[in-house]
Amino acid sequence: MNRYVEHVSPPGREQTLSEAAAKLSRRATVSLSGIYEISKVLAEPARLEITLANVVNILSSFLQMRHGALIVLDDGGLPEIVATAGYFHKPGEDHFMPIPQTVIDQIVATATPLVIPDTGRSHLFPGSEPGVCFIGVPVKANHTVLGTLSIDRTRKEGADFTLDDDMRFLTMVANLAGQTIRLHRLLSEDRQRLIDEQRRLEKSFEGSREIQPRRAAARTSRIVGESPAVKNVLDIINIVARTNSTVLLRGESGTGKELFAQTIHELSPRHDKPFVKLNCAALPETVLESELFGHEKGAFTGATNQRAGRFELAHGGTLLLDEIGEISAAFQAKLLRVLQEGEFERVGGNKTLKVDVRLICATNRDLEEAVRKGDFRADLYYRISVVPVTLPPLRERPGDIPRLAEEFLERFNRQNNRQLSFGRASLDLISRCYFPGNVRELENCVQRTATLTRSQTIGPNDFACSTGQCLSALLWKGNGKTQSNAIDALAGGHVLPGGMPAPLSRGRDAGSISGGKACDPDDPTCPANGGRLTERDRLVDAMERSGWVQAKAARILGLTPRQVGYALRRHDIPVKKF
């Protein structure tokens, strides 16, 4: 017969189990609430010292404790942050340590918790009162000990929970605090790195502000000249180079338009991109279109391969179109589309290409007159003449002639392994030359003279003009026609002794004054005799000789009455009435 036997536990044991379960549940609830509240404190945006102090203070709500301390160590193992609760700081005590250094060292060295039931009996706490319990745990992050977290209490205060419970709770808190300390340090390092980088950039920027003028000076050093006319052009170039505006370089042949265009490119943000140039006057229209826009394979006879044009080659950089005033009306329309839309098709192709090109144009023609005559499109003129820059002819900067001559001679010496030099009389002689071909003619003169000289020092007799072989005299003597690119006339055939043309001044702008006739050699102001008149002086002189009649003064100066009137207003010369 089966019997059911009911085993009944003694009443005292059931009560003990029930109390233990309730105590365990209460401890778990307290621990969970404590971790939640401490995690909120650690997540608040505040200084690390304040955050850690709040963590230590909130511990008393979840632990029986008399004192609490959270100590953060620096890389050298010294206390960096000390956050405490319940300790009394003596006045004037700057370096307060809540627990002995030996205790901190042991926890850090072992990276394990330290529990001392009675500090009065431990050698780690010399002089401690008896009956005090100590619990200390390491504050770690990524297996690295960053500091210690500890509490102490009397035996009576710790009657509710066991030391193991409190140690586990403190370990969880220490791990949360360790991650917070690690994040704060990472943010601090990033912040410091950004600050250092900002300071470095500021110093670099300040340095670049000092270096930029020197860099600009280095890039313009190839342009030789100290005259006001050249300095004015360089000032304009330094300003316009920073933008992408189209520049129109105007000036007579031989004034160095290509050199100035390259200087603009080198001073611009595009200086590390290509600088491409094309002489529009050197090519027929069909070839010019292929050169600028490129062509597809088979586009015309001889087009055996696809070829990129100058616009494509200059993508991101600068394109110089020299002699822009010589292109035909049909090609002007094609060029205008590229400038307006920034796109084009290769010859024989149907694919539209887009380019980013900074355009610089150059001409020695009077484009305004060409527009009036219908030879040049007005809309294209306004496209290319956004920033017009007029380059001065050599006769308007006579003070630069000696420096240019020495530069050309130095270049000749380097190329030919020579050591020639100019005598002072030689530089004085060429400084009075007219040089219709401008800098190009001066360079030709220096090279020819340096090649034929027989001594180390070039003297006045070494120049071709000493034998009547001056190229300017040979080209223009007795020639009554006007050469638009160089001179109107060679002073009616008058030249200086030896065949050198008289240094007359001629400008291309509407307001410039030019001498249509040779000056009187007996006149002390004649350039042949070493004197020089300014444009204003010549204008006033012509007006006085003509009785202040603008039409007569215009005939003396070889100008139109309108040009004379403009020049009078530009120089603010009041017209006398009789």
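Source: prediction; values computed, not measured.

Visitor: Kindly report on the overall build of the chain, identifying the contributing residues and their values.
Guide: Helix and strand counts for the chain come out as 18 helices and 16 strands. Counting all 578 residues of the chain, 42% fall into the buried class. Relative to all contacts within the chain whose residues are 6 or more apart in sequence, the contacts with residues 24 or more apart total 65%. Carbon and sulfur atoms form 51% of the exposed surface of the chain, whose accessible area is close to 32,000 Å².

Visitor: Pulling in residues and values, what's your account of the sheet that holds strand S4 (residues 132-141)?
Guide: Read from one edge to the other, the open sheet built from five strands follows the order S2-S1-S5-S4-S3, with strand pairing classed as antiparallel. At either margin of the open sheet sits one strand with a lone partner, and together these are strand S2 (79-85) and strand S3 (114-116). Within this sheet the neighbouring strands show an average axis-to-axis angle of 10 degrees, counted without direction. With six bridges connecting them, strand S1 (residues 67-73) and strand S5 (residues 144-154) associate as antiparallel partners. Looking at S5, one finds that Val72 is bridged to Gly147.

Visitor: An account of helix H3 (residues 101-110) is requested, with residue identities and associated values reported.
Guide: Residues of H3 that are buried include every one of Val103, Ile104 and Ile107, and no others. Taken end-on, H3 shows its buried residues confined to a sector of 100 degrees, consistent with a single buried face. Following H3 by one or two positions, Ala111 adopts a phi angle in the positive range, close to 55 degrees.

Visitor: Explain the confidence of the model for the chain to me, and be specific about the residues and the numbers.
Guide: Note: predicted coordinates in regions of low pLDDT should not be interpreted at a detailed level. When pLDDT is averaged across the chain, the result is 78; 79% of the residues are at 70 or more. Taken together, the stretch residues 1-9 has pLDDT below 50 and engages in one contact with residues farther than four places along the chain or on a different chain. pLDDT under 50 marks residues 477-532. Its contacts with residues more than four places away, or in other chains, come to 131 contacts.

Visitor: I'd like a description of unusual backbone geometry, backed by residues and values.
Guide: Phi is positive for Ala111, close to 55 degrees, though the residue is something other than glycine. Tracing the backbone through its elements, the reader meets Ala111 in the loop between H3 and S3. Here Glu323, not a glycine, exhibits a phi torsion of approximately 55 degrees, which is positive. Secondary-structure assignment places Glu323 in the loop between strand S10 (318-322) and helix H9 (329-341). Take Glu323: its relative accessible area is 15%, and that puts it in the buried class.

Visitor: Now, about the pairing of S1: what can you tell me, with residues and values included?
Guide: Across the seven residues of S1, seven count as buried, placing the element largely inside the fold. Of the two faces of S1, the one holding His67, Ala69, Ile71 and Leu73 and the one holding Gly68, Leu70 and Val72 are both buried throughout. Taken together, the six bridges between S1 and S2 define a ladder with antiparallel strand orientation. Along S2, the bridge assignment pairs Gly68 with Ala85. In textbook terms, the turn of a hairpin is the stretch between consecutive antiparallel strands, and for S1 and S2 this stretch comprises five residues, one of which, Gly77, has a positive phi near 85 degrees.

Visitor: Which residues make up the sheet that holds strand S7 (residues 275-279), and what values go with them?
Guide: Pairing is parallel in the open sheet, where five strands are placed in the order S7-S10-S13-S6-S14. Where the open sheet ends on each side, the last strands, each with one partner, are S7 and strand S14 (387-390). Within this sheet the neighbouring strands show an average axis-to-axis angle of 20 degrees, counted without direction. Where strand S6 (residues 247-250) lies against S14, four bridges are found, and the strand directions are parallel. Across the sheet, the residue bridging to Leu249 is Val389, located in S14.

Visitor: Could you give an account of the environment of Ala111, with specific residues and numbers?
Guide: Assessed through its relative accessible area of 27%, Ala111 is described here as partly exposed. As for Ala111 and Leu146, which are separated by 35 residues in sequence, their C-alpha atoms are 9.9 Å apart. Excluding residues within four positions of it along the chain, Ala111 makes contact with Gln106, Pro138, Lys140 and Val145.

Visitor: Residue-level account of the nonpolar core, with values.
Guide: Where a protein is soluble and globular, its nonpolar side chains tend to be buried together. Within the largest apolar cluster, 32 residues are counted, with the highest numbers of intra-cluster contacts made by Leu59 and Leu149. Those elements that provide at least two residues to this core are helix H1 (11-43), helix H2 (48-59), S1, S2, S4, S5 and helix H4 (163-219). In contact with Leu59, other than residues within four places in its own chain, are Ile38, Met65, Leu149, Ile151, Phe169, Leu170 and Val173. Membership of the second largest hydrophobic core comes to 28 residues, among which are Leu278, Leu319, Leu359 and Leu367.

Visitor: Explain the side chain of Glu323 residue by residue, including any values.
Guide: Lys257 is the oppositely charged side chain nearest to the buried, salt-bridge-free Glu323, at an N-O distance of 5.4 Å. Residues in contact with Glu323, not counting those within four places in the same chain, are Asn279, Cys280, Ala281, Ala362 and Asn364.

Visitor: So what's going on with the packing of aromatic side chains? Residues and values would help.
Guide: Applying the stated criterion across every chain yields a total of six aromatic pairs. Where Phe293 meets Phe331, the ring centres are 5.8 Å apart and the plane angle is 25 degrees; that geometry is what we call stacked. With a gap of 38 residues between them, Phe293 in helix H7 (residues 285-293) and Phe331 in helix H9 connect regions that are remote in the sequence. The exposure classification of Phe293 matches that of Phe331, with both residues buried. Judged by centre distance (5.4 Å) and plane angle (70 degrees), the ring pair of Tyr381 and Tyr382 falls under edge-to-face. Here a set of aromatic residues connected by ring pairs shows up, and it is made of Phe293, Phe311, Phe331 and Phe344.

Visitor: Please give an account of the packing of helix H5 (residues 228-240) against helix H6 (residues 257-267) that cites residues and values.
Guide: Orientation of H5 relative to H6, taken along the N-to-C sense of each, is 40 degrees, at an axis distance of 9 Å. One way to sum up the angle between H5 and H6 is to call them oblique. For the element pair H5 and H6, the recorded crossing hand is right-handed. Contacts between H5 and H6 involve Val233, Leu234, Ile237 and Asn238 from the first element and Phe260, Thr263, Ile264 and Leu267 from the second. Along the lines of polarity and charge, the residues of the contact of H5 with H6 split into six nonpolar, two polar and no charged.

Visitor: Mind laying out the pattern of salt bridges, listing which residues take part and the relevant values?
Guide: Summed over all chains, the structure comprises 30 salt bridges. Here Asp190 makes a salt bridge to Arg193, at a shortest N to O gap of 2.8 Å. In this pair, Asp190 and Arg193 are both assigned in helix H4, three residues apart and thus about one turn of the helix distant. Residue classification places Arg193 among the exposed positions, given a relative accessible area of 52%.

Visitor: Can you break down H2 residue by residue, with the values?
Guide: For H2, with twelve residues, the first-to-last C-alpha span of 17 Å sits near the 16 Å given by 1.5 Å per residue. Buried within H2 are the following residues: Leu48, Thr51, Leu52, Val55, Val56, Ile58 and Leu59. Buried residues of H2, viewed axially, fall in a sector of 170 degrees; they line one side.

Rules used in this analysis
- Residues numbered from 1 in each chain as written.
- Predicted model: local features only at pLDDT ≥ 70, side-chain atom pairs only at ≥ 80, totals over all residues.
- Heavy atoms only, no water.
- Helix = DSSP H or I, 4+ residues; strand = E, 2+ residues; numbered from the N terminus.
- Buried < 20%, exposed > 50% of the residue type's maximum accessible area, 1.4 Å probe, protein only.
- Contact = heavy atoms within 4.5 Å.
- Areas by Shrake-Rupley, 256 points an atom, 1.4 Å probe, with all protein chains shown as cover.
- Pairing = 2+ DSSP bridges.
- Axes fitted to C-alpha atoms, helices over the stretch in contact; angles between N-to-C directions.
- Arc of directions from axis to C-beta.
- pLDDT = per-residue confidence, 0-100.
- Core = buried A, V, L, I, M, F, W, Y, C linked by side-chain atoms within 4.5 Å.
- Lys, Arg positive; Asp, Glu negative; His and termini not counted.
- Salt bridge = Lys/Arg side-chain N within 4 Å of Asp/Glu carboxyl O.
- Phe/Tyr/Trp six-rings, centres within 6.5 Å; stacked < 30°, edge-to-face > 60°.
- Parallel < 35°, antiparallel > 145°, perpendicular 65-115°, else oblique.
- Left-handed = near helix turned anticlockwise from the far one by under 90°.
- Nonpolar A, V, L, I, M, F, W, Y, C, P; charged D, E, K, R; others polar.
- Expected span 1.5 Å × (residues − 1).

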